[in-house]
Amino acid sequence: MQIWAIANQKGGVGKTTTSLLLSRGLAQMEQRVLLVDLDPHASLTRAFGVPTDPPPPGTHDIFSDLGGADLGNLARRTPIPGLLMVAAQPALATLERRGATQPGLGLALGRALHAARGRYDYVVLDCPPTLGLLMVNALAAADRLVVPSQTDPLAMHGLADMLRTAEMVERSRRRPLPRHIIPTLYDRRTRAGVQVLGQLKDMYEGMVWPRAIPMDTRLREAQTLVAEEPPTGRGAEAYESALRWLLAALPRQQEAA
Ligand code: ADP
Ligand code: MG
């Protein structure tokens, strides 16, 4: 089982869209995939049409039932064959406060996933845009980190912050956390977009997918992305290509290490 954390400390950079399309792509390759919504805003959960009032069983139970949470009871089917998902509950937002006082909470997700390791080939973690307990759990558990990064000048700071956080986590857990950057929301008609993509490739050579996910209105409606007949087009094709790159990237990095 491989765990991929999709994270960036910035919001609106395409984390949820990336989580969805990579998971869908893996499921289409006949892999057993579990997608976990770790964001209290629950946009992924809503995309799947899961009602949030009353709160569904989901991610929060992993943290309230320390050591005892069975992901098998929390994972729900989706319209995409092979793809299961764990819903986010609004109560996730209160977790950060408890995190400071309750020991062991930082590893709760990793433990629950470890207990379920025979059931899935891939686990994809859709992270919140804040550096808190949920993101730390995801980074502690992950085998790799995928950072979607918008191709605009301001996004470079957020990306640097995220990569620094990943280094810190890597040092404390003493296990490599390979990092991959996926440029998103790319508009090749703007000079800023083209410049930033060039900078990304120069600064993070080898770590960054050398293409970019284009702006594509067909990707804007998350609900349509989880339908049995998902949209096709430039954006969806770009994600398929990014997934192939990610799948090929790890062995290369391991050889280099
Ligand atoms: P995050 O999870 O980082 O907050 P989202 O994946 O929710 O980001 O994306 C933010 C917004 O941008 C959403 O409305 C989403 O539908 C839209 N979006 C994401 N990627 C694209 C794209 N390639 N083209 C057009 N719209 C996109
Ligand atoms: Mg999101």
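None of these values were measured; they are calculated from a predicted model. (Residues numbered from 1 in each chain as written. Chains lettered and ligands numbered in written order. Predicted model: local features only at pLDDT ≥ 70, side-chain atom pairs only at ≥ 80, totals over all residues.)

Enquirer: Tell me about the overall build of the chain, and name the residues and values.
Expert: Along its length, the chain carries 11 helices and 7 strands. Here the C-alpha atoms of the chain give a radius of gyration of 17 Å, agreeing with the 18 Å that 2.2 N^0.38 yields for 257 residues. In terms of its C-alpha atoms, the chain occupies a principal-axis envelope of roughly 50 × 40 × 35 Å. By residue count, 44% of the 257 residues in the chain fall in the buried class. In the chain, once contacts between residues fewer than 6 apart in sequence are set aside, the share between residues at least 24 apart is 78%. (Helix = DSSP H or I, 4+ residues; strand = E, 2+ residues; numbered from the N terminus. Rg over C-alpha atoms; globule rule 2.2 N^0.38 Å. Buried ≥ 20, exposed ≤ 12 C-beta atoms within 10 Å, placed from the backbone. Contact = placed C-beta atoms within 7 Å.)

Enquirer: Could you give an account of the pairing of strand β4 (residues 83–86), with specific residues and numbers?
Expert: The alternating pattern of β4 places Leu 83 and Met 85 and Leu 84 and Val 86 on opposite faces, both of which are buried. Where strand β2 (residues 33–37) lies against β4, 4 bridges are found, and the strand directions are parallel. Bridge pairing in β4 links Leu 35 to Met 85. Note that strand β3 (residues 76–77) and β4 share 2 bridges and pair antiparallel. Across the sheet, Arg 77 pairs through a bridge with Leu 84, a residue of β4. (Pairing = 2+ DSSP bridges.)

Enquirer: I'd love a proper account of the site of ligand 1, names of residues and values included.
Expert: Taken together, 17 residues lie around ligand 1, and Gly 14, Lys 15, Thr 16, Thr 17 and Leu 219 are the ones closest in. With 3 residues, helix α1 (residues 15–28) is the single largest residue contributor to the shell around ligand 1. Of the residues in the shell around ligand 1, the class split is 6 nonpolar, 8 polar and 3 charged. (Near = placed C-beta within 6 Å. Nonpolar A, V, L, I, M, F, W, Y, C, P; charged D, E, K, R; others polar.)

Enquirer: Describe the sheet that holds β3, and please don't skip the residues or the numbers.
Expert: Strand order across the open sheet formed by 7 strands is β3-β4-β2-β5-β1-β6-β7, with mixed pairing between neighbours. Where the open sheet ends on each side, the last strands, each with one partner, are β3 and β7 (179–184).

Enquirer: Hey, could you go over the pairing of strand β1 (residues 2–6) for me, with residue numbers and the actual values?
Expert: Extensive coverage of β1 is indicated by the burial of 4 of its 5 residues. The pairing of β1 with strand β5 (residues 122–126) spans 5 bridges and is classified as parallel. The residue bridging Ile 3 from the neighbouring strand is Val 123, located in β5. Pairing geometry for β1 and strand β6 (residues 144–150), over 3 bridges, is parallel. By the bridge assignment for β6, Trp 4 is matched with Arg 144.

Enquirer: Outline the packing of helix α7 (residues 133–141) against helix α8 (residues 155–173), supporting the account with residue identities and numerical values.
Expert: Interhelical geometry of α7 versus α8 gives an angle of 60° and a closest axis separation of 10 Å. Classified by the angle between their axes, α7 and α8 sit oblique to one another. Handedness of the α7/α8 crossing: right-handed. Along the contact surface, α7 presents Val 136, Leu 139 and Ala 140, while α8 presents Ala 166, Val 169 and Arg 173. Its residues assigned to classes, the contact of α7 with α8 comprises 5 nonpolar, no polar and 1 charged. (Axes fitted to C-alpha atoms, helices over the stretch in contact; angles between N-to-C directions. Parallel < 35°, antiparallel > 145°, perpendicular 65-115°, else oblique. Left-handed = near helix turned anticlockwise from the far one by under 90°.)

Enquirer: Give a description of the confidence of the model for the chain that names residues and reports values.
Expert: Looking at the chain, pLDDT values average 91 and 95% of them are 70 or higher. For this predicted complex, the interface score ipTM comes out at 0.99, alongside a pTM of 0.95. (pLDDT = per-residue confidence, 0-100.)

Enquirer: Describe helix α9 (residues 191–203), listing the residues and the values that go with them.
Expert: Working note: α-helix, 3.6 residues per turn, so residues spaced by three or four point in the same direction. The end-to-end C-alpha separation of α9 is 18 Å, in line with the 18 Å expected for 13 residues at 1.5 Å each. Along α9, the residues that are buried comprise Gly 193, Val 196 and Leu 200. Viewed end-on, α9 has its buried residues packed into an arc of 70°, placing them on one side of the element. Of the exposed residues in α9, those oriented more than 90 degrees away from the buried face are Arg 191, Gly 198 and Asp 202. Buried residues belonging to α9 abut β6, α8 and β7. (Expected span 1.5 Å × (residues − 1). Arc of directions from axis to C-beta.)

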